[in-house]
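# Descriptive structure summary
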Amino acid sequence: MKRIVAGKAFELVRGDITRERVDAIVNAANSRLIPGGGVDGAIHSAGGPEIEAECRKIGGCGTGMTCATTAGKLHARRVLHTVGPIWRGGGHGEAELLASCYRSALELARAENLRSIAFPSISTGVYAYPVDQAAAIAVATIVAFLENNAIPEAVKMVLFDAATYAAYREALAAALPA
Ligand code: AR6
């Protein structure tokens, strides 16, 4: 599913983000930037040890914030590690922190002139954020950024399973009817 927002592409696809050829691949990391499971584990195992070495040097990243490293062996220039909130019922600032993940990653991409970027569904795996709510926040934040900024020019959300893809498709259809 694809939409054009202020001349820029916003696309949802199903797949494995480690296979993307883009300027920036976003990782759903943890605040210590220590390789974990899920998409984080997949990115480190496909990207090789250089990514972990840079993560170690950085030392950590706050929730809602994004830090950049090399992309190692991935077909990308940079990995942008963003730290999603752990779902604790919704009353602990989770929505604003999740929006901040997408915004800070997009701001870093703009600052580093990274023109294409791929996101996974941040926080909806191990961190247990309800996917319908997370999808609405992700879509709204990305659309607002594309409306107000020239770079990145292409944003792709790479969604691993059918239920996650369906949630994002509904959110995008609601935000931007065809
Ligand atoms: N490509 C795209 N999406 C993927 C891939 C992949 N290769 N693998 C899994 N997903 P999660 P979180 C999806 O748990 O909830 C780690 O241990 C997955 O199906 O990876 O933000 C970190 O170190 C789900 O839809 O991230 C942190 O400790 C989505 O990616 C913690 O998990 C996010 O699931 C972060 O948890």
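In what follows, the structure referred to is the one given above.
Computed from a predicted structure; not experimentally measured.

## Thoughts on the sheet that holds strand β1 (residues 2-5)
Strands sit in the order β1-β2-β7-β6-β3-β5-β4 across an open sheet of 7 strands; the sheet is mixed. The open sheet has two edge strands, β1 and β4 (66-70), and neither has a second partner. Strand-to-strand, the axes of this sheet are offset by a mean angle of 25 degrees, without reference to chain direction. Pairing of strand β6 (residues 116-119) with strand β7 (residues 154-159) involves 4 bridges; the strand directions are parallel. Bridging from a neighbouring strand, Phe-119 pairs with Met-157 of β7. Contacts from helix α2 (residues 49-58) reach β4 and β5 (78-83), with the element oriented near 135 degrees to β4. In the packing of helix α4 (residues 131-148) onto the sheet, contacts are made with β1, β2 (8-14), β6 and β7, and the angle to β2 comes to roughly 155 degrees.

## Some words on the pattern of salt bridges
Following the criterion strictly, the structure yields 6 salt bridges and no others. A salt bridge links Lys-156 to Glu-20; its shortest N-O distance comes to 2.9 Å. Taken together, the residues span a long stretch of sequence, with Lys-156 in strand β7 and Glu-20 in the loop between β2 and β3 (24-29) at a distance of 136 residues. Arg-115 serves as the salt-bridge partner of Glu-153, at 2.6 Å between the closest nitrogen and oxygen.

## Overview of the site of the ligand
Near the ligand you find 22 residues, and of these Asn-30, Val-39, Asp-40, Ser-123 and Val-126 are the closest. Contact distances for the ligand include 3.0 Å between an oxygen atom and a backbone N or O atom of Tyr-127. A per-element tally of the shell around the ligand places helix α1 (residues 38-47) first, with 4 residues. Grouping the amino acids of the shell around the ligand by side-chain chemistry returns 9 nonpolar, 10 polar and 3 charged.

## Some points on the nonpolar core
Note on soluble globular proteins: their nonpolar side chains tend to be buried together. Counting residues in hydrophobic clusters, the biggest one holds 37 residues, and the most contacted among them are Phe-10, Tyr-102, Ile-117, Phe-119, Ile-142, Met-157 and Tyr-168. If you list the elements that add at least two residues to this core, you get β2, β3, α3 (94-111), β6, α4, β7 and α5 (162-175). Beyond its immediate sequence surroundings of up to four residues, Tyr-102 is in contact with Phe-119, Pro-120, Ser-121, Ile-122, Ala-138, Thr-141, Ile-142, Met-157 and Tyr-168. By size, the runner-up hydrophobic cluster in this structure holds 18 residues, among which are Leu-33, Cys-55, Ala-76 and Ala-118.

## Overview of the packing of α4 against α5
In a pair of packed helices, the angle between the axes and the distance between the axes together describe the arrangement. α5 packs onto α4 with a crossing angle of 45 degrees between their chain directions and a minimal axis gap of 8 Å. The orientation of α4 relative to α5 falls into the category oblique. Handedness of the α4/α5 crossing: right-handed. Of α5, the residues touching α4 (which contributes Val-131, Asp-132, Ala-134, Ala-135, Ala-136, Ala-138 and Val-139) are Thr-164, Ala-167, Tyr-168, Ala-171, Leu-172 and Ala-175.

## Quick notes on the environment of Glu-96
In this structure, Glu-96 sits in helix α3. The spatial distance from the C-alpha of Glu-96 to the C-alpha of Pro-85 is 9.2 Å, given a sequence separation of 11 residues.

## A few points about unusual backbone geometry
Cis geometry is found at the peptide bond from Ile-151 to Pro-152, where omega equals 0 degrees. Looking at the element boundaries, Pro-152 is found in the loop between α4 and β7. We note that Ala-6 has phi near 50 degrees; this positive angle belongs to a residue other than glycine. Summarising the element assignment, Ala-6 is placed in the loop between β1 and β2.

## A look at the packing of α1 against α2
Running from N to C, α1 and α2 point in directions that differ by 115 degrees, and their axes come no closer than 6 Å. Between α1 and α2, the residues in contact are Ile-43, His-44 and Gly-47 and Pro-49, Ile-51, Glu-52 and Cys-55, respectively. The residue inventory of the contact of α1 with α2, partitioned by class, reads 4 nonpolar, 2 polar and 1 charged.

The rules we used
Residues numbered from 1 in each chain as written. Predicted model: local features only at pLDDT ≥ 70, side-chain atom pairs only at ≥ 80, totals over all residues. Heavy atoms only, no water. Pairing = 2+ DSSP bridges. Helix = DSSP H or I, 4+ residues; strand = E, 2+ residues; numbered from the N terminus. Axes fitted to C-alpha atoms, helices over the stretch in contact; angles between N-to-C directions. Contact = heavy atoms within 4.5 Å. Salt bridge = Lys/Arg side-chain N within 4 Å of Asp/Glu carboxyl O. Near = heavy atom within 4 Å. Polar contact = N/O pair within 3.5 Å; in protein donor to acceptor, adjacent residues only side chain to side chain. Nonpolar A, V, L, I, M, F, W, Y, C, P; charged D, E, K, R; others polar. Core = buried A, V, L, I, M, F, W, Y, C linked by side-chain atoms within 4.5 Å. Buried < 20%, exposed > 50% of the residue type's maximum accessible area, 1.4 Å probe, protein only. Parallel < 35°, antiparallel > 145°, perpendicular 65-115°, else oblique. Left-handed = near helix turned anticlockwise from the far one by under 90°.

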